[in-house]
Amino acid sequence: MQNKAILKSLPMMIIAFLVAVVLVPVAYFVMEGSGDWTGRTGIKITPNLDDGFILGEFEDPADDLLRPLPEGLDFRDIKKALDIRKFSVKMVKYHPLSGIGLQPRLNLVFYFEGILPNPQNSSRGFSLPVMHVYLDVPELQTTEYSSEKVAPARFKGPAWDYQVILDGFHEQARIFDARGNLVGQGLGVYLHYTDKNDVPVKGDTTREVQTTRITAALPIKLLGDPSRGEWSYYVLLGLADSRYPSFLAPASNPQEPAIFDIVVPPEVHLLNYKSSPIPELFPLTVTN
Ligand SMILES: [Ca+2]
């Protein structure tokens, strides 16, 4: 009798199982957050699959380096790797019901023109630049820093709570507190190429590559939710020191900064920006 009852309810059980395990996750996977059905198939893939939802984007001009290029290295190629063209803050966060076991992440995204040279054959795909991002998060109230890893710069805005360092030689971006203690690791470093229509390009030898995008994924579990409250980001780039790639190679001339490029908010006009051995950094503020 009991077996018969189980057999009778089996189809319903199978349907319930399929809905819970297959249909709901697939629906969230495809639809989440988009609501905008476009494209040939009528289906728009969630931005979660492509770097995430944009929280803030900051364009940066070409040819705005704060110091001359080092001698002895090929001019055109090295410049590509030191000249940021855009910085974005993005977030990847699936709905808990989606069943997709991806840790929620804050993506810091750097855009460069063309293909970056990789003279030291880093497995990350880039070996010249080192990027520092200093984060002021709403949940912490740091007032001063004592870390020795801080780049020589003046922070013209709120005190920062975390320093993120991304270079081509560590497996992950690393997160330090204001004292210089390592408090967390990133969740992935990704390098993507796109053509002039923003379509992904496979392989790094093609001439179609218009933009290189380097993404450092960071755990929201540690930093907090970047889509809530006011967050500030100080962004700078240096030439990685060949012995200690987390550090910026110092300038050969004491009148020049160690920093090559910075990203400033649109209201700080770069034409009026005066470079100095200790450049001023202005926060990029993202409020939600
Ligand atoms: Ca630039």
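Residues numbered from 1 in each chain as written. Predicted model: local features only at pLDDT ≥ 70, side-chain atom pairs only at ≥ 80, totals over all residues.

1. Describing the overall build of the protein chain
Selection rule: Put simply, DSSP H or I for four residues or longer makes a helix, DSSP E for two residues or longer makes a strand, and each gets a number counted from the N terminus. Any residue whose C-beta has 12 or fewer other C-beta atoms within 10 Å is treated as exposed, any with 20 or more as buried, and any in between as partly exposed, C-beta atoms being built from the backbone. Two residues qualify as being in contact provided that their C-beta atoms, derived from the backbone, are within 7 Å of each other.
Tallying secondary structure elements over the protein chain gives three helices and 15 strands in all. Going through the 288 residues of the protein chain one by one, you find that 33% of them count as buried. The long-range fraction of contacts in the protein chain, counting pairs at least 24 apart against all pairs at least 6 apart in sequence, stands at 66%.

2. Topic: the environment of Val-164
When you line up the elements, Val-164 lands in strand β6 (residues 162-167). The buried category is assigned to Val-164, around which 23 C-beta atoms lie within 10 Å. Val-164 sits 11 residues away from Ile-175 along the chain, and the two C-alpha atoms are 4.6 Å apart. Among residues more than four places away in sequence, those in contact with Val-164 are Leu-108, Val-133, Leu-135, Ala-173, Ile-175, Ala-216 and Leu-218.

3. Regarding the nonpolar core
In plain terms, the rule: A set of buried Ala, Val, Leu, Ile, Met, Phe, Trp, Tyr and Cys residues, joined through C-beta atoms within 7 Å, is what we mean by a nonpolar core.
Counting residues in each nonpolar core, the largest one holds 61 residues, and the members touching the most others are Val-133, Leu-135, Val-164, Leu-218, Val-235, Leu-236 and Ile-259. With seven residues, strand β12 (residues 230-239) is the largest single contributor of residues to this core. If we skip the residues at most four places from it in the chain, Val-235 touches Phe-87, Val-133, Ile-262, Val-263 and Leu-284.

4. Looking at the sheet that holds strand β3 (residues 105-113)
Selection rule: Pairing between two strands requires that DSSP report at least two bridges joining them.
Across the sheet, which stays open at both edges, the six strands sit in the order β1-β2-β3-β11-β9-β10 with antiparallel pairing between neighbours. Two strands lie at the open edges of the sheet, namely β1 (53-59) and β10 (200-201), each paired on one side alone. Summarising the sheet, strand β9 (residues 188-194) and strand β11 (residues 211-219) pair through seven bridges and their orientation is antiparallel. When the sheet's bridge partners are listed, His-192 is paired in β11 with Arg-213.

5. A closer look at the pairing of β3
The element β3 is extensively covered by neighbouring structure, given that eight of its nine residues are classed as buried. The sheet contact formed by strand β2 (residues 86-92) and β3 spans seven bridges and is antiparallel. From the neighbouring strand, Val-89 faces β3, where its bridge partner is Leu-108. Alignment of β3 against β11, held across nine bridges, turns out to be antiparallel. The residue of β11 that forms the bridge with Asn-107 is Ala-217.

6. So, the environment of Gln-185
Mapped onto the secondary structure, Gln-185 falls in strand β8 (residues 182-185). Given 14 C-beta atoms within a 10 Å radius, Gln-185 is considered partly exposed. Sequence-wise, Gln-185 and Ile-175 are 10 residues apart; in three dimensions their C-alpha atoms are separated by 5.9 Å.

7. Digging into the confidence of the model for the protein chain
So the rule is basically this: Residue-level confidence of the predictor is summarised by pLDDT, bounded by 0 at the bottom and 100 at the top.
With 82% of its residues at a pLDDT of 70 or more, the protein chain shows a mean pLDDT of 85. Element-level mean pLDDT values for the protein chain span from 63 in helix α1 (residues 2-31) up to 98 in β6. Residue range residues 30-42 is modelled with pLDDT below 50. Its contacts to residues more than four positions away, or to other chains, number 19 contacts.

8. Some words on the pairing of β12
Burial within β12 is extensive, with nine of its 10 residues counted as buried. As paired elements, strand β4 (residues 129-136) and β12 share eight bridges and run antiparallel to each other. Pairing of Tyr-134 across the sheet is with Tyr-234, part of β12. Alignment of β12 against strand β13 (residues 259-263), held across four bridges, turns out to be antiparallel. Across the sheet, Gly-238 pairs through a bridge with Ile-259, a residue of β13.

9. Focus on the environment of Leu-239
Relative to the helices and strands, Leu-239 resides in strand β12. Residue classification places Leu-239 among the buried positions, given that 23 C-beta atoms sit within 10 Å. As a C-alpha pair, Leu-239 and Ala-81 span 158 residues in sequence and 8.7 Å in three-dimensional space. Filtering out sequence-adjacent residues up to four positions away, Leu-239 remains in contact with Pro-70, Leu-82, Leu-128, Pro-129, Leu-248, Ala-249 and Phe-260.

10. Overview of unusual backbone geometry
What you tend to see is this: most non-glycine residues have negative phi, and most peptide bonds are trans. Phi is positive for Asp-63, close to 60 degrees, though the residue is something other than glycine. Looking at the secondary structure, you find Asp-63 in the loop between β1 and α2 (75-82). Using a count of 6 C-beta atoms within 10 Å as the deciding quantity, one classes Asp-63 as exposed. The backbone of Asn-121 shows a phi angle near 50 degrees, a positive value even though the residue is not glycine. For Asn-121, the position within the fold is in the loop between β3 and β4.

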